[in-house]
Amino acid sequence: MKSKRILVIDDERIILKVIKEELTLEGYSVDLANDGDEGCALFEKNTYDLVVLDNQMPKKNGLEVLSEIKRMRANVVVIMMTAYGSIDNAVEAMKLGAYDYLTKPFENSELVEKINQAFRLSERMEIKKSASDVDTFIIGSSQCIMDIRKKISKIKDLESTILLTGDSGTGKGVMAREIHNLSHRSKKPFIHVNCAVLPPNLIESELFGHVRGAFTGASEDKVGKFELAKDGTIFLDEIGTLDHNLQAKLLTALQEKRFEKIGSGVQIPIRARIIAATNRNLEEAVNAHEFREDLYYRLNVIHIECPALRYHKEDIQELVTFFLDKFNKRMDKKIQRVSTTAMEILVNYKWPGNVRELENSIESALALADGNELSVHDLPLRIRKVTEKTENKPIEAGNLLEIREVQEIQDALKRNNGHREHTANELGISRRTLQYKIKKYNLK
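As the structure is a prediction and not an experimental result, all values here were calculated from the model.

### Digging into the side chain of Arg273
Link 1 in the chain: Locating Arg273 in the fold gives a position in strand β13 (residues 273-278).
Link 2 in the chain: There is a polar contact of 3.1 Å between the side chain of Arg273 and the backbone oxygen of Ser160.

Next comes the structure, spelled out in structure tokens:
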């Protein structure tokens, strides 16, 4: 990431100097242009990975320069700088293909973070384009997602059993697949077993297999999932739905690292790595005698919690971009961007169904969208209605949820001495979302 080349175009020389010093410290190679003509000439002559572009300049304004450089190379990442009160121009820039914008004055760290985030996103997109299965990567640049990636890098090649927990739709299956893909087992089988959808009388046969004549209807030998997994990974999804009888047999197999097919006395070794997942609180299930305590501890050697989307809302824009790319290809569409208002709605929605709900919503919106922009009216009605309901309730009318939100923001601002970026990080939202809420609630 640090070998990237950046072009900064601005007519204020002091801003150029400050930005160059900051980005050079980050390890980037930086070229400067003092007006639109010079910027376009440099862009045509050299190859840049990203452009930081001011909106108000002599000779050619930012929108003109943006249009010109996008004609030269459509996939270049452009971050616009715009003066306060010129948001309409920033919105127009987003329509022309800008990645993001900053309102002057801004903190240098905010620009650096946007640049770093843009490169992280583009690099992961390139990886996904070359992969056979684009749904097997954890998307996001938030701290909690980065922490999960670090944990995966440490445990990916271990033999220890992994337990993934989290609400439905948080991506436990995606995480299991990524652990497998990053491990030394990546070329071996990945066997996904959804314990919740198999009839109880068939689960044992599905897991361990059976021999012909083992029970009524067993007309031929069957290879179970553990045997199919070989030296790869077996992913036991919704493990909390297993009945006690199966829990006992699974525990025995995990303890002894071998199993028998139904109707056979032959011991077959377990060579696969075990990853289990559940959206249940297994500790509560153990206390309620609904899940075996010894099996719980056998599974919970390495525990990874998949966070609900409401705890890493700063990843929503990156997720939306990924899903746009995915469904554009699937539906043969060319929706290039999401309107600013639509993105605000997506960021502020609660997402009870987590990433899965977001993915389904983008798929639905894309199916209805025309042109090259996803608008508010393309979003599912349930999302628009919730947002409209929230925005139409004045705080004075006693909207307790908003009152609580205002109090939390005010307290966080006070703890961080008014520092917007630190406050946004503490609240787990993007800086832009924080600015939106400060303006919405007229906070100081």
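What follows continues from the structure just given.
### Description of the environment of Ile115
Link 1 in the chain: Here Ile115 is to be found in helix α5 (residues 108-129).
Link 2 in the chain: In sequence terms Ile115 and Val78 are 37 residues apart; their C-alpha atoms lie 9.4 Å from each other.
Link 3 in the chain: What Ile115 contacts, discounting residues up to four positions off in sequence, is Ile6, Leu23, Tyr28, Leu50, Val52 and Ile79.

### Section: the sheet that holds β13
The pairing of strands in a sheet comes from backbone hydrogen bonds and takes either a parallel or an antiparallel form.
Link 1 in the chain: In spatial order, the strands read β7-β10-β13-β6-β14; together these five strands make up an open sheet with parallel pairing. Because the sheet does not close on itself, it has two edges, and the strands there are β7 (190-194) and β14 (302-305). Geometrically, the sheet is characterised by an average inter-axis angle of 20° between neighbouring strands, direction not taken into account.
Link 2 in the chain: As paired elements, strand β10 (residues 233-237) and β13 share four bridges and run parallel to each other. Paired with Leu236 across the bridge in β13 is Ala276.
Link 3 in the chain: Lying on the sheet, helix α6 (residues 143-155) is in contact with β6 (162-165), β13 and β14; it crosses β14 at an angle near 160°.
Link 4 in the chain: Each of β6, β7, β10, β13 and β14 is contacted by helix α7 (residues 172-182), which is oriented at about 150° to β6, the strand it contacts most.

### So, unusual backbone geometry
Link 1 in the chain: Non-glycine residue Lys59 carries a positive phi angle of around 70°.
Link 2 in the chain: Position of Lys59 among the secondary structure elements: in the loop between β3 (50-54) and α3 (62-72).
Link 3 in the chain: Relative accessible area serves as the criterion here: at 64%, Lys59 is assigned to the exposed category.
Link 4 in the chain: Phi angles above zero are rare outside glycine, and Asp332 is one such case at about 60°.

### Overview of the packing of aromatic side chains
Link 1 in the chain: In this structure the tally under the stated criterion is nine aromatic pairs.
Link 2 in the chain: When the ring of Phe322 is compared with that of Phe323, the centres are 5.5 Å apart and the planes differ by 55°; the resulting orientation is tilted.

### Thoughts on the packing of helix α14 (residues 340-348) against helix α19 (residues 431-440)
Link 1 in the chain: Axis separation between α14 and α19 bottoms out at 11 Å; the angle between their running directions is 95°. Regarding the angle of α14 to α19, the classification is roughly perpendicular. Contacts between α14 and α19 involve Glu344, Val347 and Asn348 on the former and, on the latter, Arg432, Thr433, Tyr436 and Lys437.
Link 2 in the chain: Of the residues belonging to the contact of α14 with α19, the class tally is two nonpolar, two polar and three charged.

### Concerning the environment of Asn34
Link 1 in the chain: With respect to the element layout, Asn34 can be found in the loop between β2 (29-33) and α2 (36-45).
Link 2 in the chain: It is 5.3 Å that separates the C-alpha atoms of Asn34 and Asp10, two residues lying 24 residues apart in sequence.
Link 3 in the chain: What Asn34 contacts, discounting residues up to four positions off in sequence, is Asp10, Asp11, Glu12, Arg13 and Leu16.
Link 4 in the chain: Polar side-chain contacts of Asn34 include one of 3.1 Å to the side chain of Arg13.

### With respect to the sheet that holds strand β5 (residues 100-104)
Link 1 in the chain: Taken in spatial order, the five strands line up as β2-β1-β3-β4-β5 in an open sheet, and their pairing is parallel. Each having just a single partner strand, β2 and β5 make up the two edges of the open sheet. Averaged over all adjacent pairs, the angle separating strand axes in this sheet is 20°, with direction ignored.
Link 2 in the chain: One ladder, built from four bridges, connects strand β1 (residues 5-9) with β3; its direction is parallel. Bridging from a neighbouring strand, Ile6 pairs with Leu50 of β3.
Link 3 in the chain: Packed on one face of the sheet, helix α1 (residues 13-25) meets β1, β2, β4 (77-83) and β5 and runs near 170° to β2.

Cut-off values and rules
- Residues numbered from 1 in each chain as written.
- Predicted model: local features only at pLDDT ≥ 70, side-chain atom pairs only at ≥ 80, totals over all residues.
- Heavy atoms only, no water.
- Helix = DSSP H or I, 4+ residues; strand = E, 2+ residues; numbered from the N terminus.
- Polar contact = N/O pair within 3.5 Å; in protein donor to acceptor, adjacent residues only side chain to side chain.
- Contact = heavy atoms within 4.5 Å.
- Pairing = 2+ DSSP bridges.
- Axes fitted to C-alpha atoms, helices over the stretch in contact; angles between N-to-C directions.
- Buried < 20%, exposed > 50% of the residue type's maximum accessible area, 1.4 Å probe, protein only.
- Phe/Tyr/Trp six-rings, centres within 6.5 Å; stacked < 30°, edge-to-face > 60°.
- Parallel < 35°, antiparallel > 145°, perpendicular 65-115°, else oblique.
- Nonpolar A, V, L, I, M, F, W, Y, C, P; charged D, E, K, R; others polar.

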